[in-house]
Amino acid sequence: MNLRAEAVIIGGGVIGTSIAWHLARAGVRDVVLVERDELAAGSTSRAAGGVRAQFSDELNIRLGARSLEAFGRFEEEVGQDIGLHRVGYLFLLSTPGQVASFEAGVRLQNSLGVPSRLLAPEEARRLSPLIRTDGLLAAAYSPDDGHCTPEAVVHGYARAARAHGARILRHTEATGIELRGDTITAVSTTLGRIETGTVVCAAGAWSRAVGAMVGLDLPVRPLRRQIAVTGPVPGLPAALPMTIDFTTSLYFHREGPGLLLGMSDPDERPGFATDSHDRWIPRLTEAMQQRAPALLELPRTGGWAGLYENTPDHNALIGEATSVSRFLYATGFSGHGFLQGPAVGEVIRDLYLGRVPFLDISPLSAGRFTAGAPRPEANLV
Ligand SMILES: NCCCC(=O)O
């Protein structure tokens, strides 16, 4: 097969399909997305589905808030029900340092139109009755945040992108990028060659290999994260917020009649393994005992593992290569990629078209590390 495309997107998760839809809808002809597996099969389908604007970094607040707006109109605009629950995010804070950091975050978020606020521990427990308040100093809450279904977002974007003329090639792996000097001329794939002058890397945890095809270092390291789901929880409030114990990183939100829960595991080492294991259970149990002992009573009925695509400062890499003409990238989201997908698609569309995006994304370029300008985010889960 020989194809010609104006732009080839590598990666069929939320970032790639959002970019495909934004480009095709803007009238870019012959957009081709290649995904080596099924759509969403990489990390998106393994995500917890949380959507939020509660961050410490202005860029993340604005990307999160813009995406919340897009998730809110997704069904009308993209034509897909994404199971959006605007139930809020509740960060539980147990140290004076955490409270000071979230106070500053709330001030910045409010200045950008995000309606977050600090709550007393008892108010937090009224919203999220499974928690215990011992040792809790405060909580940060924003009612506009929530959660939705990652696969539905991907399939919605993909279907709508196709309707605007994009081609989505599943089970098609990008194996190389051909260059003439510093100009891209084609992408080689397992299905054949696609002539193009533009490549967008949206390959998530696998992005380093894609960057290497054009000699660009995209410092992305994969790290396994596990999620568990529980059986039904009687009396669970319909509007239970995504609840996060910031000290232990234990989080949970409603998943049908039960809960979806997860936490970080400091013993996990970088790598591409995505099998589930029980080695995180002692830490999970300890975190539950500390902050939500009611969770210990719940039967765990399933779970899975996926990959975070971590960068050295745990913030995204978004931009265009300077060493190669027309190689754009949107990757390294370090656990908050799903929730930024809509806004990132918009930003990449504008970079591609030479328009000024709704925010200056240049501080997230991959070059920030060599320039000695990392950009750490404090509100990481
Ligand atoms: N990363 C898992 C929880 C979602 C979030 O970061 O908000």
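All of these numbers come straight from a predicted model, not from anything done at the bench.

### Points about helix α8 (residues 281-291)
Moving on, step 1. Ile281, Leu284, Ala287, Met288 and Arg291 are the residues of α8 that are buried. Down the axis of α8, the sector holding all buried residues measures 125°, keeping them to one side.
Moving on, step 2. Among the structural elements, β5 (89-93), β15 (242-245), β17 (258-263) and β18 (300-310) are those in contact with the buried residues of α8.

### Observations concerning the packing of helix α1 (residues 14-25) against helix α9 (residues 341-353)
Moving on, step 1. Between α1 and α9, the least distance of the axes is 8 Å, while the angle of their chain directions is 50°. On the basis of their axis angle, the class for α1 and α9 is oblique. Handedness of the crossing formed by α1 with α9: right-handed. Seen from α1, the contacting residues are Val14, Ile15, Ser18, Ile19, His22 and Leu23; seen from α9, they are Gly341, Pro342, Val344, Gly345, Glu346, Ile348, Arg349 and Tyr352.
Moving on, step 2. Across the contact of α1 with α9, the residue classes break down as eight nonpolar, four polar and two charged.

### Focus on unusual backbone geometry
Moving on, step 1. Although it is not a glycine, serine 249 adopts a positive phi angle of roughly 75°.
Moving on, step 2. Residue position: serine 249 is located in the loop between β15 and β16 (251-255).
Moving on, step 3. Of note, the phi angle at serine 334 is positive, near 55°, even though the residue is not glycine.
Moving on, step 4. Tracing the chain through its elements places serine 334 in the loop between β20 (327-331) and α9.

### Quick look at the pairing of β5
Moving on, step 1. Of all the five residues making up β5, five are buried; the element is thus mostly covered by neighbouring parts of the structure.
Moving on, step 2. Of the pairings in the sheet, the one linking β5 to strand β7 (residues 138-142) comprises five bridges and is antiparallel in character. Bridge pairing links tyrosine 89 to serine 142 in β7.

### Focus on the site of the ligand
Moving on, step 1. Close to the ligand lie Arg52, Tyr89, Met242, Tyr308, Gly335, Leu339 and Val381, which account for all nearby residues.
Moving on, step 2. Take tyrosine 89: an N or O atom from its side chain is 2.6 Å from an oxygen atom of the ligand.
Moving on, step 3. In the complex, the protein chains occlude 94% of the 230 Å² of accessible area that the ligand would expose alone.

### Comments concerning the sheet that holds strand β12 (residues 192-195)
Moving on, step 1. Taken in spatial order, the four strands of this open sheet run β1-β12-β11-β10, and their pairing is mixed. With partners counted over all chains shown, the strands left at the sheet margins are β1 (2-4) and β10 (174-180), one partner each. Taking each pair of neighbouring strands and ignoring which way they run, the sheet shows an average axis angle of 25°.
Moving on, step 2. Direction of pairing for β1 relative to β12: parallel, over a ladder of three bridges.

### Focus: the nonpolar core
Moving on, step 1. Counting 54 residues, the largest nonpolar core has Ile9, Ile19, Leu63, Val153 and Ile318 as its most contacted members.
Moving on, step 2. Those elements giving two or more residues to this core turn out to be β2 (7-10), α1, β3 (31-34), α2 (58-72), α3 (74-78), α6 (150-163), β20 and α9.
Moving on, step 3. Residues contacting leucine 63, with those up to four places away along its chain left out, are Ile318, Gln340, Ala343, Val344, Val347, Phe358, Leu359, Ile361 and Leu364.

### Here's the deal with the domain arrangement of the protein chain
Moving on, step 1. Splitting the protein chain by domain gives domain 1 (2-47 + 150-220 + 313-368) and domain 2 (89-143 + 221-310).
Moving on, step 2. The gap between the C-alpha centroids of domain 1 and domain 2 is 30 Å.
Moving on, step 3. At the interface, 16 residues of domain 1 touch twelve residues of domain 2.
Moving on, step 4. When the buried area of domain 1 at its contact with domain 2 is split by residue, Arg46, Ala205 and Val220 rank highest and sum to 41% of it.
Moving on, step 5. Put simply, domain 1 and domain 2 have zero salt bridges between them.
Moving on, step 6. Inspection of the domain 1/domain 2 interface yields seven residue pairs in polar contact (both at pLDDT 80 or more).
Moving on, step 7. Residue classes in the side of domain 1 that touches domain 2 are distributed as six nonpolar, eight polar and two charged.

### A few points about the environment of asparagine 110
Moving on, step 1. Mapping asparagine 110 onto the fold places it in helix α4 (residues 96-111).
Moving on, step 2. The spacing of asparagine 110 and glutamate 346 is 236 residues in sequence and 23 Å in space, taken between C-alpha atoms.
Moving on, step 3. With residues near it in sequence (within four places) discarded, asparagine 110 still touches Pro115 and Ser116.

What counts, and at which threshold
- Residues numbered from 1 in each chain as written.
- Predicted model: local features only at pLDDT ≥ 70, side-chain atom pairs only at ≥ 80, totals over all residues.
- Heavy atoms only, no water.
- Buried < 20%, exposed > 50% of the residue type's maximum accessible area, 1.4 Å probe, protein only.
- Helix = DSSP H or I, 4+ residues; strand = E, 2+ residues; numbered from the N terminus.
- Arc of directions from axis to C-beta.
- Contact = heavy atoms within 4.5 Å.
- Axes fitted to C-alpha atoms, helices over the stretch in contact; angles between N-to-C directions.
- Parallel < 35°, antiparallel > 145°, perpendicular 65-115°, else oblique.
- Left-handed = near helix turned anticlockwise from the far one by under 90°.
- Nonpolar A, V, L, I, M, F, W, Y, C, P; charged D, E, K, R; others polar.
- Pairing = 2+ DSSP bridges.
- Near = heavy atom within 4 Å.
- Polar contact = N/O pair within 3.5 Å; in protein donor to acceptor, adjacent residues only side chain to side chain.
- Areas by Shrake-Rupley, 256 points an atom, 1.4 Å probe, with all protein chains shown as cover.
- Core = buried A, V, L, I, M, F, W, Y, C linked by side-chain atoms within 4.5 Å.
- Domains from an automatic or database assignment.
- Buried area = accessible area lost by both parts, 1.4 Å probe.
- Salt bridge = Lys/Arg side-chain N within 4 Å of Asp/Glu carboxyl O.

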